[in-house]
Amino acid sequence: MTSTPDRPVGHAQTGAGAPAAPTPAAAAAPADPTPGPPSALGPDWVLGPDGLRHRRGARVLLLDAADRVLLARGHDTDQPDRSWWFTIGGGIEPGESDLDAAVREVREETGLHLDPATLEGPVWTRSAIFDFYRERCRQDEVFYLARLTDQHTSRPLTRDGWTEVEHDVVDEMRWWTLPELRTVTIEVFPAGLSDLLEPLLGGWDGSTRHLGEATE
């Protein structure tokens, strides 16, 4: 894959420019993953009985004081001309809680250190099926909401905790207002993110919305 390591990651640009699973307790993840050859995706992706690489993931909707959401843009090696915007997050490690995974992923991908008590959710769950790194994958995800303070957003974002795969496929990070996000012409995941996020701007009502399964 062709990455752009010289592109600034932490700048807050302005201008124009990932659908749901059952709750964590009832996630559709295979109970007993099938042993299989290792994947270039990493050891957290296991081969499930359905033949798909599978993992559970935690993602975070990071909102600043201006109601902008932080998204990353990435691509795949097999489709260098296709790129898409997606939320911050990644796989849940064995023995790790969903919330702890969400906080860790934010720290690793952005350098932002969040207090777990300040995260709300899960606000959404979903399951996504997609092709990536020449593998057919399924990820069951939980989404949390985090409101960032000026202390957070005054610091540049970092890529210090990025994995080799992330360095390979993540091209940039950017803050988006919802009106700007609606003008984006490439794919945004979850689909319809701006409409999904809008009801959360005034606060979370305490219910988890199940977005179903999406093939991306």
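Residue positions are given per chain, counting from 1 as you read along its sequence in written order. Selection of residues for local features in this predicted model requires a pLDDT of at least 70, selection of side-chain atom pairs for listing and counting requires 80 or more, and totals for whole chains, interfaces and linings are taken over all residues. As a convention, hydrogens and water are excluded, and side-chain values are obtained from all of the structure's heavy atoms.

A.B. asks: Is there a simple way to explain the overall build of the protein chain in this structure?
C.D. replies: Under the scheme used here, helices are H or I runs from DSSP no shorter than 4 residues and strands are E runs no shorter than 2 residues, and both carry numbers assigned from the N terminus. A tally of helices and strands in the protein chain yields 5 helices and 9 strands. From first element to last, N terminus to C terminus, the protein chain shows the α and β order β-β-β-β-α-β-β-α-α-β-α-β-α-β. Categorising residues by exposure relies on relative accessible area from a 1.4 Å probe, with only protein chains included: less than 20% of the type maximum marks a residue as buried, more than 50% marks it as exposed, and the intermediate range marks it as partly exposed. Per-residue burial for the protein chain yields a buried fraction of 49% across its 216 residues. Computed by Shrake-Rupley with a 1.4 Å probe, the accessible areas treat only the displayed protein chains as cover when residues are assessed. With the model as given, the accessible surface of the protein chain reaches about 10,000 Å², and the carbon-plus-sulfur share is 52%.

A.B. asks: Please explain the pattern of salt bridges as it appears in this structure.
C.D. replies: When the charged atoms of two side chains lie near each other, side chains of opposite charge can form a pair. We define a salt bridge as a contact between a side-chain nitrogen of Lys or Arg and a carboxyl oxygen of Asp or Glu at a distance within 4 Å. The final tally for this structure, using the stated rule, is 20 salt bridges. For Arg 138, the salt bridge identified is with Asp 50, shortest N-O distance 3.3 Å. Taken together, the positions of Arg 138 in strand β6 (residues 135-147) and Asp 50 in the loop between β1 (46-47) and β2 (53-63) put the pair 88 residues apart, joining distant regions of the chain. With a relative accessible area of 7%, Arg 138 lands in the buried category. By relative accessible area, Asp 50 is classed as partly exposed at 41%. Arg 73 is paired through a salt bridge with Glu 172; the nearest N and O atoms lie 2.8 Å apart. Note that Arg 73 is positioned in strand β3 (residues 69-76) and Glu 172 in strand β7 (residues 170-176), a separation of 99 residues in sequence. Bridged by salt links that share partners, the residues Glu 93, Glu 96, Arg 104, Glu 105 and Glu 108 form one connected network.

A.B. asks: Which parts of the structure should I look at to understand the environment of Trp 204?
C.D. replies: Looking at the element boundaries, Trp 204 is found in the loop between α5 (193-197) and β9 (209-215). Judged by relative accessible area, Trp 204 falls into the partly exposed class, the value being 24%. Residues Trp 204 and Gly 121 lie 83 residues apart in sequence; the distance between their C-alpha atoms is 7.9 Å. Other than its neighbours up to four places away in sequence, Trp 204 contacts Glu 120, Gly 121, Pro 122 and Val 123. A polar contact of 2.8 Å, which involves the side chain of Trp 204, links it to the backbone oxygen of Ser 207. By definition, residues are in contact when any of their heavy atoms lie within 4.5 Å. Here a polar contact is recorded for every N or O atom pair within 3.5 Å, except that within protein the pair must consist of a potential hydrogen donor and a potential acceptor, and residues adjacent in sequence are included only if both atoms are side-chain atoms.

A.B. asks: Is there a simple way to think about helix α1 (residues 98-110) in this case?
C.D. replies: Working note: α-helix, 3.6 residues per turn, so residues spaced by three or four point in the same direction. Helix length check: α1, at 13 residues, gives a terminal C-alpha distance of 18 Å against a target of 18 Å (1.5 Å per residue), a fit within 8%. Three or more residues of α1 are buried, namely Asp 98, Ala 101, Ala 102, Val 103, Arg 104, Glu 105, Val 106, Glu 109 and Thr 110. Check the buried side of α1 and you find it contacts β2, β3, β4 (79-91), β6, α3 (164-169) and β7. Phi turns positive one or two residues past the end of α1, at Gly 111, with a value near 85 degrees. The span one expects for a helix is its residue count, reduced by one, times 1.5 Å.

A.B. asks: What should I look at first to understand the packing of aromatic side chains in this one?
C.D. replies: Centre-to-centre distance and the angle between the planes together describe a pair of aromatic rings. Stacked, tilted and edge-to-face pairs are distinguished by plane angle, under 30 degrees for stacked and over 60 for edge-to-face with tilted covering the rest, among Phe, Tyr and Trp rings (Trp via its six-membered ring) whose centres lie within 6.5 Å. Going through the model one piece at a time under the given rule, you end up with 5 aromatic pairs. For the ring pair Trp 84 and Phe 189, a centre distance of 6.5 Å and an interplane angle of 55 degrees mean the geometry is tilted. Linking Trp 84 in strand β4 with Phe 189 in strand β8 (residues 187-189), this pair joins segments that are 105 residues apart in sequence. Here Trp 84 matches Phe 189 in class, with each residue buried. Their ring planes at 80 degrees and their centres at 5.1 Å tell us that Trp 85 and Trp 176 sit as a pair that is edge-to-face. Residue Trp 85 is located in strand β4, and its partner Trp 176 is located in strand β7; the two are separated by 91 residues in the primary sequence. Among the residues examined, Trp 85 registers a relative accessible area of 2% and is labelled buried. Positioned over the ring face of Trp 176 is Arg 174, at 4.0 Å from the centre of the ring. Whether a charge sits over a ring depends on NZ of Lys or CZ of Arg being within 6 Å of the ring centre and within 35 degrees of the ring normal.

A.B. asks: When you look at unusual backbone geometry in this model, what are you seeing that I'm missing?
C.D. replies: The phi angle of most residues is negative, glycine excepted, and most peptide bonds adopt the trans form. Residues Gly 121 and Pro 122 are joined by a peptide bond in cis, for which omega reads 10 degrees. Its location among the elements puts Pro 122 in strand β5 (residues 120-132). Phe 189 connects to Pro 190 through a cis peptide bond whose omega is -5 degrees. Looking at the secondary structure, you find Pro 190 in the loop between β8 and α5. Phi is positive for Asp 67, which is not a glycine, with a value near 65 degrees. Position of Asp 67 relative to the elements: it lies in the loop between β2 and β3. Using a relative accessible area of 26% as the deciding quantity, one classes Asp 67 as partly exposed.

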